[in-house]
Amino acid sequence: MLQAAETRFLRDGYATTTVAAIADEAGVSAETVYKGFGSKAGLVRAIQEAGLAGVGPVPAPERSDHLSEREADPLGVLRGWATLAAEVAPKVSPIMLLVRSAAATDRDMAALLDDMHRQRERRMAHNARRLARLCRLRPGLTQRQARDVMLAYTAPEVYELLVLRQGWAVGRYAEFVFRGLAAELLGLASTSSARTRRI
């Protein structure tokens with residue numbers, strides 16, 4: 001059902017896609033869709049949550065936490081986070097952009113957009129705390145500002161601009177995110193040769 005819903009939403013838009021059309025494409029009844037997800041907004045939320053898990057048996061947020069627990073090098077952590085961002089962005093960013101567009105005229109989508117932002121904000125605040133425990137942040141940078149830097153570099157609009165519109169490869173996008181985070185969070189202009197400042 002989620003695959004059918006994702007295909008319909010991204011192809012036809014949120015407003016014009018009906019639960020009946022999704023059910024028909026998935027080969028189930030509309031009642032089954034409503035029982036499973038409650039509404040069209042519930043379907044979109046479920047698609048986004050599935051995308052955030054990434055690929056593989058371990059969800060991406062758990063892999064992110066494991067990485068920051070076992071990796072002693074802050075650059076290794078940032079590279080891992082950039083890789084995870086590039087893994088989930090192809091699934092999550094188009095859905096978040098769909099929600100942003102639909103939020104202008106749909107109350108449920110506006111509420112979902114706020115929820116998604118708060119979810120991203122909490123995750124990046126969590127990551128900022130972990131990074132600050134591992135090493136000194138760039139002089140003058142607070143954890144709150146570090147959170148906002150991470151929000152900016154992993155924003156769906158950045159993926160949309162560089163990958164969907166400008167045609168960047170996902171690997172190049174991941175490298176952009178990594179180098180940007182290293183420069184902004186650690187003050188490292190050259191990630192290939194700079195020495196990481198540790199506590």
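Treat the numbers as computed from the prediction; the structure is a model and nothing was measured.

Attention now goes to the overall build of the chain. Looking only at helices and strands, the chain has 10 helices and zero strands in total. In the chain, the order of α-helices and β-strands from amino to carboxyl end is α-α-α-α-α-α-α-α-α-α. Projected onto the principal axes, the alpha-carbon positions of the chain cover approximately 60 × 30 × 30 Å. Within the chain, the fraction of its 199 residues that count as buried is 44%. Here the analysis covers contacts within the chain between residues at least 6 apart in sequence; of these, 64% occur between residues at least 24 apart. About 10300 Å² of surface is accessible on the chain, with carbon and sulfur atoms providing 52% of the total. Positive and negative side-chain charges of the chain, numbering 28 and 22 respectively, have mean locations separated by a distance of 7 Å.

Quick look at the nonpolar core now. Grouped together as the largest cluster of nonpolar side chains are 33 residues, with contacts concentrated most on Leu-78, Leu-131, Met-150, Tyr-173, Leu-181, Leu-185 and Leu-186. Secondary structure elements with two or more residues in this core: helix H6 (74-102), helix H7 (107-134), helix H8 (143-153), helix H9 (156-165) and helix H10 (170-186). Ranked by residues supplied to this core, first place goes to H10 with eight residues. Counting residues in each nonpolar core, the second largest holds 24 residues, with Ala-23, Val-44, Val-92 and Leu-98 among its members.

On to the packing of helix H1 (residues 2-12) against H6. In contact at an axis separation of 11 Å, H1 and H6 are set at 55° when each is read in the N-to-C sense. Taken together, H1 and H6 sit at an angle that is classed as oblique. As for the relative orientation of H1 and H6, their crossing is left-handed in sense. Of the residues in H6, those in contact with Gln-3, Glu-6, Phe-9 and Leu-10 of H1 are Lys-91, Pro-94, Ile-95 and Leu-98. Residue composition of the contact of H1 with H6, grouped by class: five nonpolar, one polar and two charged.

On to the side chain of Lys-40. Relative to the assigned elements, Lys-40 resides in helix H4 (residues 40-52). Within the buried core, Lys-40 has no salt-bridge partner, and the shortest N-O distance to an opposite charge, that of Asp-106, equals 6.1 Å. Here Thr-17 takes part through its backbone oxygen, which lies 2.8 Å from a polar atom of the side chain of Lys-40. Dropping the residues within four chain positions of it, Lys-40 is found in contact with Phe-9, Tyr-14, Ala-15, Thr-17 and Val-19.

Here we come to the packing of aromatic side chains. What the rule picks out here adds up to four aromatic pairs. Considering the side-chain rings of Tyr-159 and Tyr-173, the 5.4 Å spacing of their centres and the 85° angle between planes classify their relative orientation as edge-to-face. Separated by 14 residues along the polypeptide, Tyr-159 in helix H9 and Tyr-173 in helix H10 bring together distant segments of the chain. By the burial criterion, Tyr-159 is buried, and Tyr-173 matches it. A centroid spacing of 5.8 Å and a plane angle of 85° characterise the contact between Trp-168 and Phe-176, whose relative ring orientation is edge-to-face. Among the residues examined, Phe-176 registers a relative accessible area of 33% and is labelled partly exposed. Among the aromatic residues, those joined into a ring-pair cluster are Tyr-153, Trp-168 and Phe-176.

All of the buried residues along helix H2 (residues 19-26) are Val-19, Ala-21, Ile-22 and Ala-23. Contacts from the buried residues of H2 go to H1, helix H3 (30-37) and H4.

Inspection of the secondary structure assignment puts Met-1 in the segment before H1. Residues Met-1 and Gly-36, 35 residues apart in the sequence, show an inter-C-alpha distance of 9.4 Å. Apart from the residues lying within four places of it in its own chain, the contact partners of Met-1 are Ile-22, Ala-26, Val-28, Thr-32, Val-33 and Phe-37.

Criteria and cut-off values
Residues numbered from 1 in each chain as written. Predicted model: local features only at pLDDT ≥ 70, side-chain atom pairs only at ≥ 80, totals over all residues. Heavy atoms only, no water. Helix = DSSP H or I, 4+ residues; strand = E, 2+ residues; numbered from the N terminus. Buried < 20%, exposed > 50% of the residue type's maximum accessible area, 1.4 Å probe, protein only. Contact = heavy atoms within 4.5 Å. Areas by Shrake-Rupley, 256 points an atom, 1.4 Å probe, with all protein chains shown as cover. Lys, Arg positive; Asp, Glu negative; His and termini not counted. Charge placed at Lys NZ, Arg CZ, Asp CG, Glu CD. Core = buried A, V, L, I, M, F, W, Y, C linked by side-chain atoms within 4.5 Å. Axes fitted to C-alpha atoms, helices over the stretch in contact; angles between N-to-C directions. Parallel < 35°, antiparallel > 145°, perpendicular 65-115°, else oblique. Left-handed = near helix turned anticlockwise from the far one by under 90°. Nonpolar A, V, L, I, M, F, W, Y, C, P; charged D, E, K, R; others polar. Salt bridge = Lys/Arg side-chain N within 4 Å of Asp/Glu carboxyl O. Polar contact = N/O pair within 3.5 Å; in protein donor to acceptor, adjacent residues only side chain to side chain. Phe/Tyr/Trp six-rings, centres within 6.5 Å; stacked < 30°, edge-to-face > 60°.

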